[in-house]
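Chain by chain, the residues run as shown.
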Amino acid sequence: MRKPKLPGVIGGLGITFKTMLKPAVTVQYPHEREDPPTRARGVIALKEENCTVCMLCGRSCPDWCIYIEGHKEKRPPRREGGRDRTVSVLDRFDIDYALCMYCGICVEVCPFDALFWSPDYEYSESNIAKLLHDKRKLGEWMETVPEPEPLEIGAEVKK
Amino acid sequence: MIPAVHSLLALEIGWGTTLAIKTVMILMIVPLTALVLGYVFLLKMMSHMQSRLGPMDPGGFHGWFQLVGDGIKFIQKEDIIPGEADRRVFAIAPAIVVISTFLVFLVIPAGPDIVVKDLNVGVFYALAVSSLSVIGVLMAGWASANKFALLGALRAAAQLIAYELPLLLAVVGVVIQCGTMNLQGIVAFQSTGAIFGWSGIGFPLIFTQFIGFALFLIASQAELTQTPFDMPVAESELVAGYMVEYTGFRFLFFFIGEFGTAFAFSAIAATLYLGGWALPASWGISLGVMRFLGPLVLFAKIMAVSFLMFWVRFTYPRLREDQLQALAWKFLIPIGLINILLTGVFKVAF
Amino acid sequence: MSTTNPPLPEFDIDPRAFRHLADAQVGVELDTGDMILNLGPQHPATHGTLRLVVRLDGERVISADPVIGYMHRGYEKLAEFRTYPQITTLINRIDWLSSFANEVPFIDAAEQLMNVHAPPRAQYIRTILTELSRIATFVLFLGEMGLQVGALTPAFYGFRDREHILNLIESATGGRFHPNFNRIGGIKDDLPWGWVSETRTAMKTIFDACDVFEDLVAGNEIFEARTRSIGIIPPELGAAYGVSGSNLRASGVDWDLRRDGRPYLVYPDLDFKVWTHPDGDSFARYWVRLQETRESARMVLQMLDQMPAGPIMAKVPRIIKVPEGEAWVETENPLGQMGYYVISKGATGPFRVKIRSASFSNVSILPWLLRGVFVPDVITILASLYFILGDIDR
């Protein structure tokens, strides 16, 4: 493997010199930002009107960081002469982001599409208690949820 | 220095005032040089070599205030001395390292009269005094009561003493060629000299003493415990080697000592091999102008030499200490002796 | 249903003959007063919280004892009370630098028990992501081994070039470090638009990065002086201690589970070379990983060309209950051979999961390997073995 060429020590100097002349790759964070990809798991958003308090997300969380409380209410029937309907109303839906592992199991198991991923990541707090996002704040995150992006060639298109 | 100040201010200055001015200037310049070298090379050049930007925010313009801010931070830190440490030796050790740095700056000429003391044995004095820092390093490592510091200090002792010799041998070649140990004399020799009769760029000694120049750079890299010779401060093994228990103001002393000595060695290399503060005499620049230009020219040459030193520092891995010692004793010292031999022969022949 | 283990290569010497050497002492007749140095849980060179209690004579190591367990997180206990998707999330964090590769053997074992086969497109995407994790962790290794040996710059190049891979993994799975993408029966989502061409561009960057590392680190004479003949693992001894992966291949043993073991993912359809080096020293381990990075990049490009279209999830019920049985799956992870032994009693979660992690066995050779070397060589050897503490302690 010995070809007559520059000793490796000189070649190494050349590489660092060339890298010094190229622009740096740093993104200066507070002044410039890099956008995370669409699927990035930044924060979980809750669409309250879809939630039926089935508790599947709370049960499937590996960390048990979702706290759900709800109660049943009676509503008048949709048509005349029918039975009273029972509706589940969500009282409390908290996600504790100090515990959350950002695994996405809750978003995946929800049968009613009430939870969504959003790539927003800038919600760090100085007080750890503020990392418990209640359902009002989780509803606010819905505004940052992006549209699902198109899939690659060869993917099966669901009908 | 007195004629310089005279010509600048047209004043009669006594002995005491001169001493005061010189002391203040040295005390100000040494940390400043450490700051400049640290910022340009350690923070900015290293960062760009690693594809990143380095500090950008402190001070607004490319983070120039970072090291000043670091200095202020170090000064206000709590003075922690380990419980088992030998308190007096622990406290004195950084002082010795810094004092040796200050002492080297005393003989470096920055202009026709701009030198604190123009000793006749200038080069000899500079090298002798710079090796005082070995004692400081040993004291620091031993007094820290920390096995990692001890390992670093013992490695440093062996390394720094071993690399004094190539440094000296390289300088002896220059001294033989110039016939004087006086730094101003060496500068004058280079600026008024001629290469084969053409005096366009004077006669910087790097042309004949290139072996010596390479030896001097390698040996000063080792004297400063910089990679590839930074076994005493092996960052991924001993974290900070002999400095590991030092925080705050004492660590600042070590930092100033390291970068100040880097500046001083680069200055000596620039003076011995590149012509120092002088531009070639054939360009006919008057002495008065050189009193202003001299420091700037010297600064530019120092930056060039430091660039080489720090470039090597950020690129190479470190040598193990037995490989270090083998390099010094079996390779560099024989080459230094051959260099002296050749210099002597050519000096007599031509 | 359990799998048969593939046959091990044959060796002439009985590896148990070397066992006594672990207790050997060097220079004990000189009695110079040894020093015990704690390369403690907090040290920049131990890749995490590994503690090495080293007895030194001057700068020579007399004996070295690794103390592990500072990062034990109790994965096997946690797995007793969680369902399969939850465990998939947790085991991402065992070897956090190549986290996708940790999920694969576990999901493979569960799929064997359920007798479910993931569709071909899902297998291809799984293999691509596994190889991308391998590239990501090896590029970081190439950089940080330079750092341990003293060169500051290669570490930054390692992190910079790893970003390309992490961006790819993030755009496909949503997580840079912890993809959590495998599901029993396939994968979670299909790839986003444009991912294939982005991956091709990223592979070109990886080839360039490998060339840079070859010139800057592997070609550097000082690096060679620091790593050649340091930490030589004899092949029989390495196999006896359970050293696996690139460490064993660098000692000349031509053994790679992707080619020689039970076929898994799409490796039988791929054309790739298994790199070995005869020396067995630290330089060989660096060189083998450098070549394997290039080989993985070539494999990814092959797979991108061959990837079929189709569904990404097989037909599995909503609530997955894995039938009773036991399965053992071992795969070639970037750090070595990783295996999962899953015992299921028919519930939504396994009854017992036993994790055979690669670094645990790789580290077991340290008492033998570190006798008689200098302290700087200890650092070089630790760096070249490339273990991750999460993998040792689980």
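Remember, predicted model here, so these are calculated numbers, not experimental data.

Conventions we followed
Residues numbered from 1 in each chain as written. Chains lettered and ligands numbered in written order. Predicted model: local features only at pLDDT ≥ 70, side-chain atom pairs only at ≥ 80, totals over all residues. Helix = DSSP H or I, 4+ residues; strand = E, 2+ residues; numbered from the N terminus. Rg over C-alpha atoms; globule rule 2.2 N^0.38 Å. Buried ≥ 20, exposed ≤ 12 C-beta atoms within 10 Å, placed from the backbone. Contact = placed C-beta atoms within 7 Å. Pairing = 2+ DSSP bridges. Nonpolar A, V, L, I, M, F, W, Y, C, P; charged D, E, K, R; others polar. Axes fitted to C-alpha atoms, helices over the stretch in contact; angles between N-to-C directions. Parallel < 35°, antiparallel > 145°, perpendicular 65-115°, else oblique. Core = buried A, V, L, I, M, F, W, Y, C linked by C-beta atoms within 7 Å. pLDDT = per-residue confidence, 0-100. Left-handed = near helix turned anticlockwise from the far one by under 90°. Expected span 1.5 Å × (residues − 1).

Draft legend 1. The arrangement of the overall build of chain B in detail. Along chain B, the regular secondary structure elements total 12 helices and zero strands. Tracing chain B from N to C terminus, the helices and strands come up as α-α-α-α-α-α-α-α-α-α-α-α. For 350 residues, the compact-globule estimate of 2.2 N^0.38 gives 20 Å, and chain B sits close to it at 21 Å. Scored against the burial criterion, the 350 residues of chain B give a buried share of 49%. Considering only residue pairs separated by 6 or more positions, chain B has 79% of its internal contacts joining residues 24 or more positions apart.

Draft legend 2. Focus on the overall build of chain A. Broken down by element type, chain A carries four helices and five strands. In sequence order, the secondary structure elements of chain A are arranged as α-β-α-β-β-α-β-β-α. Taken over C-alpha atoms, the radius of gyration comes to 25 Å for chain A, far larger than the 15 Å a tight globule of 159 residues would show. Expressed along its principal axes, the backbone C-alpha trace of chain A runs to roughly 95 × 45 × 30 Å. The 159 residues of chain A split such that 19% are buried. For chain A, the proportion of contacts with a sequence separation of at least 24, taken over those separated by at least 6, is 74%.

Draft legend 3. Region of the structure containing the sheet that holds strand β5 (residues 132–133) of chain A. Residue and element names in this part refer to chain A. Judged by pairing direction, the sheet is antiparallel, and its three strands sit side by side in the order β2-β3-β5 without closing on themselves. Looking at the sheet topology across the chains shown, the edges are occupied by β2 (66–75) and β5. Of the pairings in the sheet, the one linking β2 to strand β3 (residues 85–96) comprises 10 bridges and is antiparallel in character. Residue Y67 lies in a different strand from β3, and its bridge partner there is D94.

Draft legend 4. Molecular detail of the interface of chain A and chain C. Chain A puts 28 residues into the contact, and the matching count from chain C is 31 residues. Looking at which element gives the most residues to the side of chain A that touches chain C, the answer is helix α1 (residues 8–21) of chain A, with six residues. Of the residues in the side of chain A that touches chain C, the class split is 16 nonpolar, seven polar and five charged.

Draft legend 5. View of the packing of helix α7 (residues 147–178) of chain B against helix α12 (residues 321–349) of chain B. Residue and element names in this part refer to chain B. Two numbers describe how α7 lies on α12: the axes approach to 9 Å, and their chain directions differ by 10°. It follows from the interaxial angle that α7 and α12 lie roughly parallel. Across the contact of α7 with α12, the residue classes tally to 16 nonpolar, eight polar and three charged.

Draft legend 6. Main features of the nonpolar core. If you look at the biggest cluster of nonpolar residues, it comprises 217 residues, and the most contacted ones within it are V137, A153, A219 and A269 of chain B together with A110 and L132 of chain C. Ranked by size, the runner-up nonpolar core spans 20 residues in total, among them V43, C61, C106 and C110 of chain A.

Draft legend 7. Focus on the confidence of the model for chain B. For chain B, mean pLDDT is 84; residues scoring 70 or higher make up 95% of the total. Scored as a complex, the prediction yields pTM 0.86 and ipTM 0.84.

Draft legend 8. Expanded view of unusual backbone geometry. Positive phi, normally seen in glycine, also occurs at W64 of chain A, with a value near 55°. Structurally, the position occupied by W64 of chain A is in the loop between α2 (56–60) and β2. Classification of W64 of chain A as exposed rests on a count of 11 C-beta atoms within 10 Å. Its identity as a non-glycine residue notwithstanding, S229 of chain C has a phi of 60°, on the positive side. On the neighbour-count criterion, S229 of chain C (13 C-beta atoms within 10 Å) is partly exposed.

Draft legend 9. Layout of the interface of chain C and chain B. Across the boundary between the two partners, chain C contributes 24 residues, which contact 21 residues of chain B. For the side of chain C that touches chain B, the secondary-structure elements that each account for two or more residues are β1 (35–39), α4 (120–149), α5 (153–173), α7 (221–227) and α14 (375–385) of chain C. When grouped by side-chain class, the residues that make up the side of chain C that touches chain B number 17 nonpolar, five polar and two charged.

Draft legend 10. Fine view of the packing of helix α6 (residues 133–143) of chain B against α7 of chain B. All names here are of chain B. Two numbers describe how α6 lies on α7: the axes approach to 7 Å, and their chain directions differ by 160°. Taken together, the axes of α6 and α7 are roughly antiparallel relative to one another. In the packing of α6 onto α7, the handedness of the crossing is left-handed. Each of V134, V137, L138, A140, G141 and W142 in α6 lies in contact with α7, whose residues at this interface are A149, L150, G152, A153, L154, A156, A157, L160 and I161. Its residues assigned to classes, the contact of α6 with α7 comprises 13 nonpolar, two polar and no charged.

Draft legend 11. Molecular detail of the environment of F283 of chain C. All names here are of chain C. Mapped onto the elements, F283 comes out in helix α11 (residues 282–306). Judged by C-beta crowding, with 23 C-beta atoms within 10 Å, F283 ranks as buried. Once you skip the residues sitting within four places of it in the chain, F283 turns out to touch E224, T227 and R228.

Draft legend 12. Up close: the sheet that holds strand β8 (residues 352–356) of chain C. All names here are of chain C. Taken in spatial order, the three strands line up as β6-β7-β8 in an open sheet, and their pairing is antiparallel. One side of each edge strand has no neighbouring strand; the edge strands of this open sheet are β6 (325–333) and β8. Shown here is a sheet whose adjacent strand axes are inclined to one another by a mean of 10°, direction ignored. Pairing geometry for strand β7 (residues 336–344) and β8, over five bridges, is antiparallel. Bridge pairing in β8 links V342 to V353. Running at roughly 150° to β6, helix α3 (residues 99–114) makes contact with β6 and β7 of the sheet.

Draft legend 13. Representation of the pairing of β6 of chain C within the structure. Residues and elements named next belong to chain C. By the bridge criterion, nine bridges tie β6 to β7 in an arrangement that is antiparallel. By the bridge assignment for β7, E326 is matched with I343. What sits between β6 and β7 in their antiparallel hairpin is a turn of two residues.

Draft legend 14. Quick peek at the pairing of β3 of chain A. Pairing of β3 of chain A with β5 of chain A involves two bridges; the strand directions are antiparallel. Across the sheet, residue D96 of chain A finds its bridge partner in β5 of chain A, namely L132 of chain A.

Draft legend 15. Representation of the environment of S251 of chain C. All names here are of chain C. Residue placement: S251 occurs in the loop between α9 (246–249) and α10 (257–260). For S251, a count of 24 C-beta atoms within 10 Å corresponds to the buried category. Remark: the alpha-carbon pair of S251 and L140, spanning 111 residues in sequence, is separated by 22 Å. For S251, the residues in contact, after removing those within four places along its chain, are I233, P234, P235, G238 and G280.

Draft legend 16. Representation of α7 of chain B in the model. All names here are of chain B. Here α7 is 32 residues long and its end C-alpha atoms lie 47 Å apart, about the 46 Å a rise of 1.5 Å per residue gives. Along α7, 23 of the 32 residues are buried, which leaves the element largely enclosed by surrounding structure. Downstream of α7 by a residue or two, G179 has a phi angle that is positive, lying close to 80°.

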